[in-house]
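Each chain, written out:
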Amino acid sequence: MGAAEGQRGDGPPWGVLVALCGGAHAGPEGLDPGEVRSILEERASGASVTIESDLCLRPGILPDLAADRGAARVVLGSCGGGPATVELQAWARRAGLDPFAIDAIDLGLVAATGSVAGRSQRAAALLAAAAAAARASRGTDAAQLRMRLPREAVSRRALLTLGPVTYQPVASIDAVGCVGTERCGLCVSICPKAAIRASTPHPSVASEACVACGACVSVCPAGAIGLPGAGLDRFEVLMATLLSWPWADGARPGLLFACRGATTSLPEPREGEASQAHWLPIVVPCLSMVTPGWALQALARGVPAVALLGCGDRCEAGTEELTRERVTYCLDLLASLGVLEPARRLRLLAPRTTGSTSGLDGLPGEALAERSGLGGLSLLEPAATAGALRRLAEGPGRGRVVAAGSPAPSPASPLGVLTFEDGGCTLCGTCADVCPTSALTFRQDGKTASLAYEGSRCLSCRHCTEVCPEHVLAVEARTDIAAVLAGRTELKRGAVAACRRCGRPVAPAAMVERVRRSLPDEPPELLDLLGEVCLDCRGLWGTGPGTMHIVSREGP
Amino acid sequence: MTDPPADGTSPAELRRIVYRVLATLFLYPTRDRLATLATAAPELRRCSEPLRDLVFFPSWSTLLTTLEAISEADAPGIQGEYTGLFVASGSCPPYESAHSGRPGLDTGLIAAQVQAVYGSLGMTMAAPGEPPDHLPVELEFMSFLCAEETRSEETGEAGGWIDHERAFLSGQLLRWLPRFTALLRREAHGSFYRRVAEAALEFAQHDRMLLDAMAGVSP
């Protein structure tokens, strides 16, 4: 959609224009646009920068400004009263750009208080992060959109005379990356609107029901679900840029994940309160997209505190309970890690109501972990939570965090704990076949077979328990910190019975023994052949109705 | 959106034209056919102006620009590209049965399914022996459905034709067009048919979206 040749999918990065509205909180009580531009020109590689007066009132010039600079993406630094998303989308489409090519960043929160230099620094960081995300974006396919006709639409014939249509993003599932409904299906269960159907081999999205909350995007362990303008890769780039920003000591801001529906109700600072200037907002479609790993990764990479602001009972997706469970889980986990006052590190804010406190008052003086480089920042669960745990418990800056136990079971835990009964396992490997994240792995090298488990990959989907023929597996939605830190451990190892004729593997010895036990009435010589002769070396023929002998090709 | 064209062209009529043009583009590119398309391109651009605000328009506009620029000297190259991609053992067979179902096993079944859809609406193949699941035939069928929708608008019975359009897009054309387009992007050495296929895919996908949105709208 508006893509130039060679810029679809994994093509070269888009050219990006950062356009700062000259009126966006400019002045001694706000930002210094010139300073913001200087910082961006130094730090936002690949982006050209411009300042235009009254840009928020003249968004129609944005496509022309972009075209002049060879840019296919625009980041607009606006003053909160800027153009609506619908209008920006219409201007983008009219210019032949992707409908989501113009990203408006409200600089209101960072321009509220603090020094002009600090505000300008924070504004530049937000714009640079958005520019980096725009450069890496993949473009939009028609299959990822749903058309909304204007409410006043009255006839099909009059369609072409109506106001601008709106295109809303719709989740889309990449059939190549998806591990399949039978092995996973997490997206089906997380969707608050039942918009994802458990079709086979892959789930399918009913576009008319999708509200683009993003919950499915962040729960998919394979990263196979996309959402225009709100893919996981966008938020990974945003966070990586903000977390790696060279803040001055003591000026490191907190991260505020704000639901798109809540951004008009950001808490206003109380009189004399300066700390609100130390929060950087990341706007998400819905808080249901923010999994525990997002908040924990930020805390594990040097952010002093994380806050979440949703739209409360106005939530179209109805996922406020899910968010509360996730926050409770994270607080429990932080407490288990020995973090003092975890509620100061992670805060769930209520939308602004009359008389409520802002909730953004004060930041802890120290982060839980050092800012130690952004390599490997991934928001894909359960790796995001497991990786953050590892950093908090073992990474640079350890000593402030000491693992003191494990949190209680929680449906919000991205990780699971496997219980295994060694005695009954026959090493059939079926559990490993269905595991969507390879938390369970089965190996057979001819002489031995082994089953191993890695707790940091288990997302408690329970597919293994459903397929285990011997019922030796149980999974609990709980985070066992020690299991996560232990890495891959072997659950069982056993010998593999070899064919007495050709030497090739027949089956694990435990499985052969299990089969023998389940066929007590069969002749011993038959049972011996089952365990001692491979399929290729066996011959099969019958000698009469209901009678069949399995013989070795060596002879009966 | 922009003001409607002076002749009051309906959305269905505009869609009929686009499907007709796309169908023609997937027929063998004789010199006459290419010359006709190049001549018609400016008029096509003018009459599709009301579609400017729709997200598929950039790829359609790119295609029109390509058609406007075609000269007689381009014909051999385009014909060579067509033959290499679509004819006989070409690398990108333009048939639904080549991209749906079990390769080599369901060819007849899929062709029969498509033929049955045509037959249910009183249509038969004009050229005997022409496979019913050939891409230009399926696109031409969509054009026919849009024409019927236009004719029915006066009597208020267009809703039924919109249902047929949605069913054919979902059940036939869009079942395989994405895969065909992905293959063509890989196999096409020139840009002409890549642009044609991308425009066809984006238009068809958008059309399904539009029809879904329109389903609840009165005539």
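Residues numbered from 1 in each chain as written. Chains lettered and ligands numbered in written order. Predicted model: local features only at pLDDT ≥ 70, side-chain atom pairs only at ≥ 80, totals over all residues. Heavy atoms only, no water.

### Comments concerning the confidence of the model for chain A
Detailed reading of the predicted coordinates is not advisable wherever pLDDT is low.
Residue and element names in this part refer to chain A.
Thought 1: Summarising the model, chain A shows a mean pLDDT of 82, and 82% of its residues fall at 70 or more.
Thought 2: Here residues 1–9 is a poorly scored stretch, pLDDT under 50, and it has 30 contacts once near neighbours within four places are set aside; other chains count.
Thought 3: Counted against residues more than four places away or in other chains, residues 541–545, with its pLDDT under 50, gives six contacts. (pLDDT = per-residue confidence, 0-100. Contact = heavy atoms within 4.5 Å.)

### Observations regarding the side chain of Arg234(A)
Residues and elements named next belong to chain A.
Thought 1: Here Arg234 shows up in helix α7 (residues 232–243).
Thought 2: Arg234 sits in the buried class, given a relative accessible area of 18%.
Thought 3: Setting aside its immediate chain neighbours within four residues, Arg234 contacts Asp103, Ala133 and Gly229. (Helix = DSSP H or I, 4+ residues; strand = E, 2+ residues; numbered from the N terminus. Buried < 20%, exposed > 50% of the residue type's maximum accessible area, 1.4 Å probe, protein only.)

### Regarding the sheet that holds strand β4 (residues 102–106) of chain A
Residue and element names in this part refer to chain A.
Thought 1: Taken in spatial order, the four strands of this open sheet run β2-β1-β3-β4, and their pairing is parallel. Either end of the sheet is taken by a strand with one partner, and the two such strands are β2 (47–52) and β4. Looking at each pair of strands side by side, their axes are set apart by 20 degrees on average, direction ignored.
Thought 2: Pairing analysis gives six bridges linking strand β1 (residues 16–21) to β2, with the strands arranged parallel. Across the sheet, the residue bridging to Val18 is Val49, located in β2. (Pairing = 2+ DSSP bridges. Axes fitted to C-alpha atoms, helices over the stretch in contact; angles between N-to-C directions.)

### Some thoughts on the packing of helix α8 (residues 292–300) of chain A against helix α11 (residues 383–394) of chain A
All names here are of chain A.
Thought 1: Where α8 meets α11, the closest approach of the two axes is 8 Å, and the angle between their N-to-C directions is 25 degrees. Viewed along their axes, α8 and α11 adopt a mutual orientation that is roughly parallel. The crossing of α8 and α11 is left-handed. Contacts between α8 and α11 involve Pro292, Gly293, Leu296, Gln297, Leu299 and Ala300 from the former and Ala383, Ala384, Thr385, Gly387, Ala388, Arg391 and Leu392 from the latter.
Thought 2: When its residues are assigned to classes, the contact of α8 with α11 shows eight nonpolar, four polar and one charged. (Parallel < 35°, antiparallel > 145°, perpendicular 65-115°, else oblique. Left-handed = near helix turned anticlockwise from the far one by under 90°. Nonpolar A, V, L, I, M, F, W, Y, C, P; charged D, E, K, R; others polar.)

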